[in-house]
Amino acid sequence: MSRRFNPDECTACAVCTVHCPVAAATPCFRGPKMTGPAFERLRLFGLHDDDSVEYCSNCKNCDISCPSGVPVSTFNMLARAAYSRDKKIPPRDLLIGFSGDIGKLVRHIPAFLLNFGMKNPLTRLLLDIIGLDKRAPLPAFAPLNQRQALFRNTKHISGDKGRRGAVALFPGCFVSYYEPGVGLDIISLLEKVGYEVIVPGDFVCCGLPLLCAGLYDAARERAEKNRRTALGLHEQGMTIVSPCPSCALMVGQEYEALFPEDAPVSVPVHEAASFVYSLVEEGVFDIAGARPIAERLAYHAPCHLRALGMGRPGLELLSRMPGVRVDDVNAGCCGLSGSYGMKKGKYEIGAQTGSGLFAAIRESGAQLCVSECGSCRTSIEHGTGLPVAHPLTLLARAL
Ligand code: SF4
Ligand code: SF4
């Protein structure tokens, strides 16, 4: 693994430490300044045995807040990869890392069987024994017909690109297996205004769960495959859109820094809400003419959406919809961070991290919460008991 960042870009201002939710929740974590650039200087001399990197949730609040642009979370992920290199990966991390492959493997099995298999007390006990905390929320598999419907559009574009153009949807694992309805809502929105939308079967997991589990080589393999697929689609003139902020960040921005030995091909991947919002600004969607939704909503901006640097497109969209009253709760990380808060020893850290957000949502008096990230939706539902939707689902219902 070659490194391209210079830890001396860090001025030791400690702003990142103030913004790190894990450092705030536990004294076990040295914090981003120490675990990232400070220890990177030791790692440059080959000292990789620092288990503090295991505490980093990869939420990226350090990167977002650093005034010097130091990619702290990238240091941490590469450090975790080096730390795990010669170690046996525990079954819990294999399960989490390869969850995308498992989802694909069981894609023809009805949801009631999968959900009974995953969520019955005996399985939860066994999962707890291997390190998945039995108190943690596990997302439920979506009905089989929805999972199959999403991947019905896997054909490649053959000349007729719709009157507005062609979009390739990279649904990501969460939407593919747990919430395909979100992908279907996005397809219906885009088709309504003249896009042809396909869901290419060649995309695989973005590799983030593998990277966070220390499975660097497997993550790199996925990155290489996705880069080839994305480049091919881009060359056909297609716009790549993902409903998952983490997938958009990983495929569209992070591969190059994480896998610097591979071809430096960067293909833009648009986060879905920001793509639709850009169409609203162009006047393509008539939001003002949408059916009024008489709901009081609480909006949560996912950490990885903020790391994309695109603002809060979901909030902007909702604010323009007739009848909607939406509060930006702006109360930090949800604590789940993909699968971080599901792990034994991390569940308490995640719950403590998310507690401020959950309290703010409850205090807002909202009946429904909205967020772009599937992991945040799972966490908020678990922490507040409120239903949580993707902003484009609400828009699709209103238009
Ligand atoms: S990625 Fe998140 S948990 Fe990790 S060091 Fe940065 S702020 Fe802290
Ligand atoms: S990484 Fe950035 S925010 Fe953190 S101490 Fe260094 S310069 Fe400051």
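### Considerations on the packing of aromatic side chains
Working step 1: Enumeration over the complete set of coordinates arrives at six aromatic pairs.
Working step 2: Ring centres 5.3 Å apart and planes at 45 degrees place the aromatic pair Tyr216 and Phe259 in the tilted group. Highlighted residues: Tyr216 in helix H14 (residues 216–235) and Phe259 in the loop between helix H15 (245–258) and strand E4 (269–271), separated in sequence by 43 residues. No difference in accessibility class separates Tyr216 from Phe259, as the two residues are buried.
Working step 3: Through pairs of rings, three or more aromatic residues link up here, namely Phe141, Phe174 and Tyr178.
Working step 4: In this structure, Lys87 is placed above the aromatic ring of Tyr83, and the distance from its NZ or CZ to the ring centre is 4.0 Å.

### Describing helix H19 (residues 347–364)
Working step 1: A rise of 1.5 Å per residue sets the reference length of H19, with its 18 residues, at 26 Å; its end C-alpha atoms lie 25 Å apart and thus fit the reference within 8%.
Working step 2: When H19 is considered as a whole, its buried residues turn out to be Tyr347, Ile349, Gly350, Thr353, Gly354, Leu357, Phe358, Ile361 and Ser364.
Working step 3: Considering only its buried residues, H19 is in contact with helix H2 (21–25), strand E5 (296–299), strand E6 (325–328), strand E7 (368–370) and helix H20 (374–384).
Working step 4: Two residues or fewer after H19 comes Gly365, characterised by a positive phi angle close to 75 degrees.

### With respect to the domain arrangement of the protein
Working step 1: Looking at the assigned domains, one finds that the protein contains domain 1 (7–84), domain 2 (144–207 + 214–276) and domain 3 (286–398).
Working step 2: With centres defined by C-alpha atoms, the gap from domain 2 to domain 3 works out at 22 Å.
Working step 3: With 19 residues of domain 2 at the contact, the number on the domain 3 side is 20 residues.
Working step 4: Counting each side, the surface lost to burial between domain 2 and domain 3 is near 1,600 Å², with a carbon and sulfur contribution of 70%.
Working step 5: Across the domain 2-domain 3 interface, the total number found is one salt bridge.
Working step 6: One salt bridge in this structure joins Glu179 and Arg377, with 2.7 Å as the shortest N-O distance.
Working step 7: Connecting domain 2 to domain 3 are three residue pairs in polar contact (both at pLDDT 80 or more).
Working step 8: Those elements that place two or more of their residues in the side of domain 2 that touches domain 3 are helix H12 (180–192), H15 and helix H16 (272–281).
Working step 9: Residue contributions to the side of domain 2 that touches domain 3 peak at six residues, all from H12.
Working step 10: Of the residues that constitute the side of domain 2 that touches domain 3, the class distribution is eleven nonpolar, four polar and four charged.

### Re the sheet that holds strand E8 (residues 388–389)
Working step 1: Judged by pairing direction, the sheet is parallel, and its four strands sit side by side in the order E6-E5-E7-E8 without closing on themselves. Every interior strand has two partners, whereas the edge strands, E6 and E8, have only one.
Working step 2: Pairing analysis gives four bridges linking E5 to E6, with the strands arranged parallel. Looking at the pairing, Ala298 lines up with Asp327 of E6.
Working step 3: Running over the sheet, helix H21 (residues 391–398) touches E5, E7 and E8 and is turned about 115 degrees from E7.

### Some points on the environment of Phe259
Working step 1: Judged by its relative accessible area of 0%, Phe259 falls in the buried class.
Working step 2: Apart from residues no more than four positions distant in its own chain, Phe259 is found in contact with Tyr216, Ala219, Arg220, Ala223, Arg227 and Met250.

Conventions used here
Residues numbered from 1 in each chain as written. Chains lettered and ligands numbered in written order. Predicted model: local features only at pLDDT ≥ 70, side-chain atom pairs only at ≥ 80, totals over all residues. Heavy atoms only, no water. Phe/Tyr/Trp six-rings, centres within 6.5 Å; stacked < 30°, edge-to-face > 60°. Helix = DSSP H or I, 4+ residues; strand = E, 2+ residues; numbered from the N terminus. Buried < 20%, exposed > 50% of the residue type's maximum accessible area, 1.4 Å probe, protein only. Lys NZ or Arg CZ within 6 Å of the ring centre and 35° of its normal. Expected span 1.5 Å × (residues − 1). Contact = heavy atoms within 4.5 Å. Domains from an automatic or database assignment. Buried area = accessible area lost by both parts, 1.4 Å probe. Salt bridge = Lys/Arg side-chain N within 4 Å of Asp/Glu carboxyl O. Polar contact = N/O pair within 3.5 Å; in protein donor to acceptor, adjacent residues only side chain to side chain. Nonpolar A, V, L, I, M, F, W, Y, C, P; charged D, E, K, R; others polar. Pairing = 2+ DSSP bridges. Axes fitted to C-alpha atoms, helices over the stretch in contact; angles between N-to-C directions.

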